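Tertiary structure, described
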Amino acid sequence: MPGTLYLLATPIGNLGDISVRALEILKSSDLIACEDTRRTLGLLNHFDIHKPLTSYHEHNKKSKGEYICTLLGDGKNIVLVSDAGTPAISDPGEDLVKLCIEKDIPVTSIPGPVAGINALILSGLSTKRFCFEGFLSVNNRHRTAHLSSIKNDSHTLIFYEAPHKLRQTLKDMANTFGGSRKIAIVRELTKVHEEIFRTTLEEACLFYTENTPRGEYVLIIEGAQDSPDNSEPCWWDGLSVIEHVDEYISRGEDKKSAIKLCASDRNMQKRDVYNLYHKQ
Ligand code: SAM
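These remarks concern the structure in this document. (Residues numbered from 1 in each chain as written. Predicted model: local features only at pLDDT ≥ 70, side-chain atom pairs only at ≥ 80, totals over all residues. Heavy atoms only, no water.)

1. Thoughts on the environment of Asp246
Heads up, the condition is: Every helix listed is a DSSP run of H or I at least four residues long, and every strand listed is a run of E at least two residues long, numbered separately from the N terminus. Note on classification: 1.4 Å probe, protein chains only; a residue is buried when its accessible area is under 20% of the maximum for its type, exposed when over 50%, partly exposed between these limits. Any N or O atom pair separated by 3.5 Å or less is treated as a polar contact, with the protein-specific requirement of one donor-capable and one acceptor-capable atom, and with residues adjacent in sequence counted only for side-chain atom pairs.
Mapped onto the fold, Asp246 is located in helix H10 (residues 241-250). Judged by its relative accessible area of 33%, Asp246 falls in the partly exposed class. Separated by 42 residues in the primary sequence, Asp246 and Ala204 have C-alpha atoms spaced 37 Å apart. Polar contacts involving the side chain of Asp246 include one to the side chain of Tyr277, which spans 2.5 Å.

Right, dumping it as structure tokens:
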């Protein structure tokens with residue numbers, strides 16, 4: 001009988017946020033797969049847990065994923081943790097989950113902190129409908145295409161960002177969404193310097209011209225309020241750009257016209273839709 005892969009959430013700052021069940025599962029596991037063994041070792045030492053560790057990250061996920069599945073197939077119980085928070089959210093855990101599902105290996109989760117959700121509930125912005133956007137690409141063209149593709153989205157938007165990219169990201173967001181769009185800049189959640197700055201994109205840009213970004217950030221952006229696209233729901237609300245193009249193709253359009261129609265619906269450049277569509 002195969003073992004189980006446990007997707008186990010760890011604290012995003014305050015170690016007191018680990019759950020009783022998480023500690024039990026870590027103690028009873030055969031192996032712990034983690035992004036950074038030194039970081040996870042620090043966490044385990046704090047709780048006096050001594051278990052073998054193996055690294056599983058972006059650069060070894062193919063070979064290591066197969067290795068982990070072989071051990072699971074041999075009946076070992078393996079825990080997957082990320083550097084902080086919930087694994088498979090903006091880290092390669094997603095690929096391991098897919099591989100286990102393909103191989104009929106049981107997967108379960110040990111829930112706990114997620115930075116994006118905690119930032120959202122503290123933002124004061126609408127939590128009714130939201131969309132997790134993760135990290136923006138470092139490639140300028142992809143960043144712009146990503147932001148343009150969601151500028152009329154009425155959902156609250158959740159982004160992760162590194163401090164050294166924050167200024168540029170705020171500028172790009174202000175240029176695309178407009179300076180008056182509300183933002184909650186949530187930093188250092190659950191840590192001593194936890195801070196929530198509820199402001200507009202324009203003011204956020206000004207603030208960070210004079211202040212150096214430090215720590216870990218989640219950006220919560222208000223959904224589009226006054227776009228004509230939002231006065232009445234569009235049939236393509238909730239579809240990604242790729243799904244939007246595919247929907248036109250399934251209605252009989254060829255790829256070129258489907259991309260053109262999608263670009264026109266979303267008020268985007270055809271080239272940006274083309275790039276997003278062919279990136280899949
Ligand atoms: N798996 C994690 C989760 O559950 O949220 C996120 C991993 S992602 C690689 C790391 C990013 O999460 C950081 O760059 C930052 O944007 C966000 N993050 C993690 N911890 C945070 C904290 N304590 N405060 C604010 N943002 C945090």
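So much for the structure itself; the text now carries on.
2. Brief notes about the site of the ligand
For the record, the criterion: Note on terminology: near, applied to a residue and a molecule or strand, indicates that one of the residue's heavy atoms is within 4 Å of it. Each accessible area is a Shrake-Rupley estimate made with a 1.4 Å probe; only the visible protein chains count as cover when residues are assessed.
The full set close to the ligand counts 19 residues, and Ile12, Thr86, Tyr160, Leu189 and Tyr217 are the nearest of them. Between an oxygen atom of the ligand and a main-chain N or O atom of Glu161, the distance comes to 3.4 Å. Residue Glu216 places a side-chain N or O atom 3.5 Å away from a nitrogen atom belonging to the ligand. Protein chains bury 91% of the 570 Å² of accessible surface belonging to the ligand in isolation.

3. Topic: the pattern of salt bridges
Should the charged atoms of two oppositely charged side chains come close, the side chains can pair. As a reminder of what qualifies: Any Lys or Arg side-chain nitrogen found within 4 Å of a carboxyl oxygen on Asp or Glu counts as a salt bridge.
Taken as a whole, this structure holds ten salt bridges when the rule is applied. Among the salt bridges present, the one from Arg187 reaches Glu195, with a minimum N-O distance of 3.4 Å. The class of Glu195 is partly exposed, set by a relative accessible area of 39%. Residue Glu188 pairs with Lys191 through a salt bridge whose shortest N-O separation is 3.3 Å. A network of salt bridges, in which partner residues are shared, links Glu58, Lys61 and Asp95.

4. Things to note about the sheet that holds strand S10 (residues 217-221)
Let me state the cut-off plainly: Think of it this way: DSSP has to see at least two bridges between two strands before they count as a pair. Every angle, taken between N-to-C directions, lies between 0 and 180 degrees, and every axis is a line fitted to C-alpha atoms, over only the stretch in contact when it is a helix. Residue contacts are counted whenever heavy atoms from the two residues lie within 4.5 Å of one another.
Taking strand neighbours across the sheet as the criterion, the five strands line up as S6-S7-S10-S8-S9 in an open arrangement whose pairing is mixed. A single partner strand is all that each edge strand has here, and the edge strands are strand S6 (130-135) and strand S9 (195-200). Here the average twist between neighbouring strands, direction ignored, is 20°. Against the sheet, helix H5 (residues 115-123) makes contact with S6, strand S7 (156-161), strand S8 (182-187), S9 and S10, and its axis sits at roughly 50° relative to S10, the strand it touches most. With respect to the sheet, helix H6 (residues 140-150) is in contact with S6 and S7, its orientation differing from that of S7 by roughly 160°.

5. Focus: the nonpolar core
Soluble, globular proteins show a tendency: their nonpolar side chains are buried together. Using the following cut-off: The criterion is simple. A nonpolar core is a set of buried Ala, Val, Leu, Ile, Met, Phe, Trp, Tyr and Cys residues joined through side-chain atoms within 4.5 Å.
Counting residues in each nonpolar core, the largest one holds 19 residues, and the members touching the most others are Phe159, Leu170 and Met173. At the level of secondary structure, the elements contributing two or more residues to this core comprise H6, S7, helix H7 (166-177), S8, helix H8 (201-210) and S10. Discounting residues that sit within four places of it in the chain, Met173 has contacts with Leu136, Leu147, Phe159, Gly178, Leu201, Leu219 and Ile221.

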